[in-house]
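# Structure assessment
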Amino acid sequence: MPRWAHEHRKHDAAARMAYREVPTTVLSVGDYDPSGLSILDAAVEDVVAFVAEMGGTPPAVKRLAVTEEQIGRYGLATAPQKSTDRRGDHMHATVQAEALSLTLLTDLVRAGVEEAVDLRALERVRARAERERQRVVAKAERLR
């Protein structure tokens, strides 16, 4: 994909963030290696700059996985840094996100989302949407 296409996507994401009425939190899952870390850093830098240009509040960014702490806690398999990876500082031990079990990854993402989202507000919105849906269905049935 050409670089301009990536820039367009980051700009679109920034526009959605800049014009929201509530703060945005970006949750990230990626490899624990120089490329995985620098991809996130570069994307965040670009999005934050775009959001600032639009007068919005920059997003909070939280890396859910893979973190240095998780490598030790879960005994994740490590590998030496690839010789072709020239980004960032050299790392003696790297970990691919795939080293996390699907169950653990699901738990980490769920916990991150639950921490970032006001679950009570979400439930109120869902309940209101259901009431509105029921009213629309009732009106449609009366039109038959």
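Residues numbered from 1 in each chain as written. Predicted model: local features only at pLDDT ≥ 70, side-chain atom pairs only at ≥ 80, totals over all residues. Heavy atoms only, no water.

### Topic: the overall build of the protein
The condition is simple: Secondary structure elements are taken from DSSP: a helix is a run of H or I of four residues or more, a strand is a run of E of two residues or more, and numbering for both begins at the N terminus. Note on method: radius of gyration uses C-alpha positions; expected globular size equals 2.2 Å times residues raised to 0.38. In this scheme, a residue with accessible area under 20% of its type's maximum is buried, one over 50% is exposed, and one in between is partly exposed, where area comes from a 1.4 Å probe on protein chains only. Surface accessibility follows the Shrake-Rupley procedure with a 1.4 Å probe radius. Residue values consider only the protein chains on display as shielding. Under the convention used here, Asp and Glu are negative, Lys and Arg are positive, and both His and the chain ends fall outside the count. Where a charge sits is defined by one atom per residue type, namely NZ (Lys), CZ (Arg), CG (Asp) or CD (Glu).
Counting its regular elements, the protein contains five helices and two strands. For the protein, the α and β elements follow one another from N to C terminus as α-β-α-β-α-α-α. A compact globule built from 144 residues should have a C-alpha radius of gyration of about 15 Å, whereas the protein, at 21 Å, is more than 25% larger. Taken along the three principal axes of its C-alpha coordinates, the protein extends 70 × 40 × 25 Å. The 144 residues of the protein split such that 28% are buried. Total accessible area computed for the protein in this model is approximately 10,400 Å², and 55% of it derives from carbon and sulfur atoms. Computing the positive centroid from 22 side-chain charges and the negative centroid from 22, the protein places the two 9 Å apart.

### Thoughts on the pattern of salt bridges
Our working definition: When a carboxyl oxygen of Asp or Glu lies within 4 Å of a side-chain nitrogen of Lys or Arg, that pair is called a salt bridge.
This structure, assessed with the given rule, holds seven salt bridges. Glu132 serves as the salt-bridge partner of Arg128, at 4.0 Å between the closest nitrogen and oxygen. In this pair, Arg128 and Glu132 are both assigned in helix H5 (residues 119-142), four residues apart and thus about one turn of the helix distant. The partly exposed category is assigned to Glu132, whose relative accessible area is 38%. If you follow the salt bridges from partner to partner, you end up with Glu7, Lys10 and Asp46 in one network.

### Remarks on helix H4 (residues 102-116)
This is how it is decided: To estimate the expected span of a helix, subtract one from its residue number and multiply by 1.5 Å. Each C-beta atom gives one direction from the helix axis, and the arc is the one those directions make. Two residues qualify as a contact provided that any one of their heavy atoms is within 4.5 Å of a heavy atom in the partner residue.
Compared with an ideal rise of 1.5 Å per residue, which puts 15 residues at 21 Å, H4 spans 21 Å between its outermost C-alpha atoms and is within 8% of the ideal. Turning to H4, its buried residues number three or more, namely Leu104, Leu108 and Gly112. Viewed end-on, H4 has its buried residues packed into an arc of 70°, placing them on one side of the element. Projecting away from the buried face of H4 at angles above 90 degrees are the exposed residues Leu102 and Thr103. Check the buried side of H4 and you find it contacts strand E1 (25-29), strand E2 (60-65) and helix H3 (68-74).

### Section: H5
In an α-helix, one turn spans 3.6 residues; hence positions three or four apart end up facing the same way. Our working rule: Distance and chemistry together define a polar contact, namely a pair of N or O atoms within 3.5 Å, with one atom able to donate a hydrogen and the other to accept it when in protein, and with adjacent residues in sequence counting only for side-chain atoms on both sides.
Its 24 residues place the ends of H5 35 Å apart at the C-alpha level, agreeing with the 34 Å of an ideal helix rising 1.5 Å per residue. With a side-chain oxygen positioned 3.2 Å from the backbone nitrogen of Arg120, the residue opening H5 is Asp118.

### Considering the pairing of E2
Worth spelling out the cut-off: At least two DSSP bridges between two strands are required for those strands to pair. Here the term right-handed applies to a crossover when the path leading from its first strand over the helix to its second strand runs clockwise, the strands being oriented away from the viewer.
When E1 meets E2, the two strands line up parallel, connected through five bridges. Bridging across to E2, Ser28 finds its partner in Arg63. Taking the sense of rotation as the criterion, the β-α-β connection linking E1, helix H2 (residues 34-53) and E2 turns out right-handed.

By themselves these figures say nothing about function.
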